[in-house]
Amino acid sequence: MRIGIIGVGTVGGGVIEIIEQKRDEFHAKLGVLLEIAGVVAKTEEELAPFKAKGYKGFTDANSLLEDDSISVICELAGGYELPFKWITKAIEHGKNVVTANKALLAKHGSEIFPLAGQKKCHVLFEAAVGGGIPIIRTLQEALVGNQINSLSCIINGTCNYILTRMAAEGLSFEDVLKDAQKLGFAEANPSFDIDGIDAAHKTAILASLCSGRFVDFEKIHITGISDITAKDIKFVDELGGVVRLLGLYNRTGESVDVRVHPCIVPQEHLLAGVKYVLNAVYLQCDNLGPTLQTGAGAGKLPTASAVVADLVSLARSTETGHIEPLPMGWFQKENSATLVPIGETSTRYYFRFVTKDNYGVLSKIAGILGENKISIESILQKNIKNREKVDIVVTTEKAKESDVQTALAKIDSLPEISEKSRMLRFI
Ligand code: HSE
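Given the structure is predicted, the values throughout are model-derived calculations rather than measurements.

(A) Layout of the sheet that holds strand S2 (residues 35–40). Spatially, S3-S2-S1-S4-S5-S6 is the arrangement adopted by the six strands of the open sheet, whose pairing is parallel. One side of each edge strand has no neighbouring strand; the edge strands of this open sheet are strand S3 (57–58) and strand S6 (123–124). In this sheet, S2 lies alongside strand S1 (residues 2–6) in parallel orientation, the contact comprising five bridges. Considered in S2, the bridge of glycine 4 is made with glycine 38.

(B) Main features of the site of the ligand. Residues in close proximity to the ligand include Lys102, Asn156, Gly157, Thr158, Phe185, Ala186, Glu187, Asp193, Asp198, Lys202, Gly297 and Ala298, which together make up its full environment. Here asparagine 156 contributes a side-chain N or O atom positioned 3.5 Å from an oxygen atom of the ligand. Threonine 158 is positioned with one of its side-chain polar atoms (N or O) 2.6 Å from an oxygen atom of the ligand. Here the ligand, which alone exposes 260 Å², has 92% of that area covered by the protein. Only helix H7 (157–169) and helix H10 (197–211) provide two or more residues apiece to the shell around the ligand. Class assignment of the residues belonging to the shell around the ligand gives a composition of three nonpolar, four polar and five charged.

(C) Highlighting the packing of aromatic side chains. Applying the stated criterion to the full structure yields six aromatic pairs. Taking 6.0 Å as the distance between ring centres and 20° as the angle between the ring planes, the aromatic pair formed by tyrosine 349 and phenylalanine 351 counts as stacked. Given a relative accessible area of 0%, phenylalanine 351 falls into the buried group. Measuring from ring centre to ring centre gives 5.6 Å for phenylalanine 351 and phenylalanine 353, while their planes differ by 45°; the resulting arrangement is tilted. For the cation-ring pair, arginine 348 lies above phenylalanine 426, with the distance from its terminal atom to the ring centre recorded as 4.0 Å.

(D) Highlighting a nonpolar patch on the surface. Together, Leu362, Ile376 and Ile379 give the surface a local cluster of nonpolar side chains, amounting to about 220 Å² of exposed area. By the secondary structure assignment, isoleucine 376 is in strand S16 (residues 376–381). With relative accessibility at 30%, the residue isoleucine 376 sits in the partly exposed group.

(E) Main features of the environment of cysteine 285. Summarising the element assignment, cysteine 285 is placed in strand S11 (residues 278–285). Taking the C-alpha atoms as reference, cysteine 285 lies 40 Å from isoleucine 365; in sequence the two are 80 residues apart. When near neighbours in sequence (up to four residues on either side) are disregarded, cysteine 285 contacts Leu143, Asn146, Gln147, Ile148, Asn149 and Thr291.

(F) Spotlight on H7. The end-to-end C-alpha separation of H7 is 18 Å, in line with the 18 Å expected for 13 residues at 1.5 Å each. Burial analysis of H7 places 10 of its 13 residues in the buried class, the great majority of the element. Of all the residues in H7, the buried ones are Gly157, Thr158, Cys159, Asn160, Tyr161, Ile162, Leu163, Thr164, Arg165 and Met166. Against strand S7 (148–154), helix H8 (173–182), helix H9 (190–194), helix H11 (230–238), strand S9 (241–252) and S11 lie the buried residues of H7. One side-chain oxygen at the N-terminal end of H7 lies 3.2 Å from the backbone nitrogen of threonine 158; it belongs to asparagine 156. Of the residues trailing H7, glycine 170 is marked for its positive phi of about 65°.

(G) A look at the state of the cysteines. As enumerated under the stated definition, the model contains zero disulfides in all. Here cysteine 159 is not disulfide-linked; the sulfur of cysteine 153 is the nearest cysteine sulfur, at 12 Å. Of the cysteine sulfurs around cysteine 210, a residue in no disulfide, the closest is that of cysteine 285, at 8.3 Å.

(H) Structural detail: the pattern of salt bridges. Taken as a whole and assessed by the stated rule, the structure comprises 27 salt bridges. Ionic pairing is found between lysine 400 and glutamate 344, a salt bridge with its closest N-O pair at 3.9 Å. Residue lysine 400 is located in strand S18 (residues 399–400), and its partner glutamate 344 is located in the loop between strand S13 (338–339) and strand S14 (346–347); the two are separated by 56 residues in the primary sequence. Lysine 400 sits in the partly exposed class, given a relative accessible area of 31%. The partly exposed category is assigned to glutamate 344, whose relative accessible area is 47%. Across the pair glutamate 419 and lysine 389 runs a salt bridge, and its minimum N-O distance is 3.0 Å. Placement of the pair is glutamate 419 in strand S19 (residues 417–426) and lysine 389 in the loop between S16 and strand S17 (390–396), with a sequence separation of 30 residues. Of the residues examined, glutamate 419 reaches a relative accessible area of 27% and is grouped as partly exposed. You can call lysine 389 partly exposed: its relative accessible area is 41%.

(I) View of the layout of surface pockets. For the second largest pocket, the calculated volume is near 520 Å³. In this structure, the second largest pocket is lined by 21 residues; those nearest its centre are Asp227, Lys420, Ser421, Arg422 and Met423. Taken together, the elements giving at least two residues each to the lining of the second largest pocket come down to strand S10 (255–266), helix H14 (401–412) and S19. With six residues, the top contributor of residues to the lining of the second largest pocket is S19. Residue composition of the lining of the second largest pocket, grouped by class: eight nonpolar, seven polar and six charged. A domain-level breakdown of the lining of the second largest pocket finds at least three residues from each of domain 2 (146–296) and domain 3 (342–426).

Cut-offs used in this document
- Residues numbered from 1 in each chain as written.
- Predicted model: local features only at pLDDT ≥ 70, side-chain atom pairs only at ≥ 80, totals over all residues.
- Heavy atoms only, no water.
- Pairing = 2+ DSSP bridges.
- Helix = DSSP H or I, 4+ residues; strand = E, 2+ residues; numbered from the N terminus.
- Near = heavy atom within 4 Å.
- Polar contact = N/O pair within 3.5 Å; in protein donor to acceptor, adjacent residues only side chain to side chain.
- Areas by Shrake-Rupley, 256 points an atom, 1.4 Å probe, with all protein chains shown as cover.
- Nonpolar A, V, L, I, M, F, W, Y, C, P; charged D, E, K, R; others polar.
- Phe/Tyr/Trp six-rings, centres within 6.5 Å; stacked < 30°, edge-to-face > 60°.
- Buried < 20%, exposed > 50% of the residue type's maximum accessible area, 1.4 Å probe, protein only.
- Lys NZ or Arg CZ within 6 Å of the ring centre and 35° of its normal.
- Patch = residues over 30% accessible without salt bridge, like charges linked within 9 Å, V, L, I, M, F, W, Y side chains within 5 Å.
- Salt bridge = Lys/Arg side-chain N within 4 Å of Asp/Glu carboxyl O.
- Contact = heavy atoms within 4.5 Å.
- Expected span 1.5 Å × (residues − 1).
- Disulfide = S-S within 2.5 Å.
- 1 Å grid on protein atoms, 1.4 Å probe; cavity = no way out; pocket = protein on both sides within 12 Å on 5 of 7 lines; lining within 4 Å.
- Points joined across faces, edges and corners; volume = space filled by probe spheres on them.
- Domains from an automatic or database assignment.

Have a look at this one:
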């Protein structure tokens, strides 16, 4: 199978490395021969090390897209517009596609997959979600005998790294962010990580696969982690929890509740043990019950291993002719899922109110919560050190988000409140 690789950065380089390492083994054990027909990069400088090894290198992707001897295009460049053009052109030319580009699939998947279906081409994307964790194949194949009732995932390594280090070392968000970016996991646009956008791209893809319907990334509620403070992480620790940025999918009748935001996860929950850059996907399935998949969610070889798995799968299907293109109904706009608006969702909440030390403040706060049908579960207040800024931490029983928003707005307008109230949802 002749492969054209567009993008020879971290992941592209890793794919070439693994193919070189395992080519003979794949041939001997699986009967498939993976041949890299050419590579594309932006500059001659990037191509130089690959050309030195004997690969054909180009700075124009059309050199591969128009080559009829190439049956698979591997898009590993990232970004939206050019990859969209390359992938659609590859499909128009009857080529299969392998991509790790979650942002592209979340944005243009509803155009790419139906086109692939029409042209009877495969678009495989195991590496797009959870790096090396085989979650796409798990949802599409291994769990086909199950309905996925809910999914909770830690799907952005950068955020998980920041939150884990803030908790372990009591550091501020800003302190850890720079280190996280140095690790090489971060997106080119750092806002994609810390504002939850990358996690939402991946959650939209997973939610579409879980529901069998198109879950539009644009309609997902997203909150990132830049407002999380070391102080809240410490209070949450005292309450027996950890803070994680989660992608959430819940099936509620005919609708689906899909969200990305920081959550309090109880210390005994399997997701609480997922630390630093690890990713994890926790599923509740009707027949299997709960299951957790975890592993490296990014990085050169973990992500490249998922790309190589897709390439081998394509090569085997070409050999045997057994694998038909998968039904793409879950990525068609006319088959869209109805999303539960965030205001209609219900969960338990954590609030931290910062108040002046006046008589009756607590009763005013409790009164507003009560008026809005929010039942207090626990209250925590430490010795007063600064009479202008007293922290009052409240956890609630299950309450409705719209009621919570109304109550918080009212509490924040009290003259005694010194800072905007903090809110975290429990998993
Ligand atoms: N920026 C992503 C992360 C990389 O931090 O997990 C892989 O998608």
